[in-house]
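# Structural characterization, general
Listed below, chain by chain, are the residues.
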Amino acid sequence: MKLIDIGFGSMAAAARVVAVVGPDSAPVKRLGQEARERGMLIDASFGRKTQSVLVMDSGHVIWSSLPTQRVSAQFGAGPDTEEETP
């Protein structure tokens, strides 16, 4: 399983990420608020300004203080090598 760094030593499973988006639009802010109300919000920003929002396939929403470009760059273009091992 490939993990991506979301800041301050926190990691998320790359295969479970549906989207990495910026936090500034109203729909993304609403998504975060709804996730908080459902108990599905993970605040990995540790009190710093949220710069990216990760939407997971489980319905969880993760706030990260890393910029979206830095988070998305960790996905790379190649396939996960662990799964291809015969």
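Residues numbered from 1 in each chain as written. Predicted model: local features only at pLDDT ≥ 70, side-chain atom pairs only at ≥ 80, totals over all residues. Heavy atoms only, no water.

### Thoughts on a nonpolar patch on the surface
Convention followed: Like-charged residues within 9 Å of one another, or nonpolar side chains (Val, Leu, Ile, Met, Phe, Trp, Tyr) within 5 Å, are grouped into patches, provided each residue has over 30% relative accessible area and no salt bridge. Here, Shrake-Rupley sampling with a 1.4 Å probe gives the accessible areas, and only protein chains in the shown set may cover a residue. Within this document, salt bridges are pairs made up of a side-chain nitrogen of Lys or Arg and a carboxyl oxygen of Asp or Glu, the two lying within 4 Å of each other. The helix count covers DSSP runs of H or I at least four residues long, the strand count covers runs of E at least two residues long, and both are numbered beginning at the N terminus.
A surface patch of nonpolar side chains, amounting to about 340 Å² of accessible area, comprises Met1, Leu3 and Met11. Take methionine 11: it is sitting in strand β2 (residues 10–13).

### Notes on the pairing of β2
Inclusion rule: Being paired, for any two strands, means DSSP has found at least two bridges between them.
In this sheet, β2 lies alongside strand β1 (residues 3–7) in antiparallel orientation, the contact comprising four bridges. Opposite aspartate 5, over in β2, you have methionine 11 as the bridge partner. Hairpin connection between β1 and β2: a loop of two residues separates the two successive antiparallel strands, and phenylalanine 8 in this loop has a positive phi of roughly 55 degrees.

### As for the nonpolar core
Note the following rule: Among buried residues, the Ala, Val, Leu, Ile, Met, Phe, Trp, Tyr and Cys ones that are joined through side-chain atoms within 4.5 Å form a nonpolar core. Residue exposure (1.4 Å probe, protein chains only): buried if accessible area is under 20% of the type maximum, exposed if over 50%, otherwise partly exposed. Contacts between residues were defined by any pair of non-hydrogen atoms, one from each residue, lying within 4.5 Å.
Judged by nonpolar contacts, Ile4, Ile6, Ala12, Ala14, Val17, Ala44, Leu54, Met56, Ile62, Leu66 and Val71 together constitute the single largest core of eleven residues. Elements supplying a minimum of two residues to this core: β1 and β5 (52–56). When near neighbours in sequence (up to four residues on either side) are disregarded, alanine 12 contacts Lys2, Leu3, Ile4, Ile6, Met56 and Ile62. Counting six residues, the second-largest nonpolar core is a separate cluster that includes Val28, Ala35, Val53 and Trp63.

### What to know about the pattern of salt bridges
Side chains that carry opposite charge are capable of pairing whenever their charged atoms lie near each other. Per the stated rule, a full pass over the model turns up one salt bridge. In this structure, arginine 16 and aspartate 57 form a salt bridge, with 2.7 Å as the shortest nitrogen-oxygen distance. On the criterion of sequence distance, the pair formed by arginine 16 in the loop between β2 and β3 (17–21) and aspartate 57 in the loop between β5 and β6 (61–64) is long-range, its members being 41 residues apart. The exposure class assigned to aspartate 57 is partly exposed, which follows from its relative accessible area of 46%.

### Let's talk about unusual backbone geometry
Unusually for a residue other than glycine, phenylalanine 8 sits at a positive phi of about 55 degrees. Mapped onto the elements, phenylalanine 8 comes out in the loop between β1 and β2. When its relative accessible area of 44% is taken as the criterion, phenylalanine 8 is described as partly exposed. Notably, phenylalanine 46 is not glycine yet its phi reads approximately 55 degrees, a positive angle. The topology assignment puts phenylalanine 46 in the loop between β4 (41–44) and β5.

### Description of the sheet that holds β4
What counts is decided by this rule: Working convention: axes come from line fits to C-alpha atoms, limited for helices to the stretch in contact. Angles between N-to-C directions cover 0 to 180 degrees.
Pairing is mixed across the open sheet formed by four strands, whose spatial order is β3-β5-β6-β4. Both edges of this open sheet fall to β3 and β4, since each of them pairs with a single strand only. Geometrically, the sheet is characterised by an average inter-axis angle of 20 degrees between neighbouring strands, direction not taken into account. For β4 and β6, the ladder comprises four bridges, and the chain directions are parallel. Residue pairing for β6: aspartate 43 is matched across the bridge by tryptophan 63. Packed on one face of the sheet, helix α1 (residues 26–38) meets β3, β4, β5 and β6 and runs near 115 degrees to β6.

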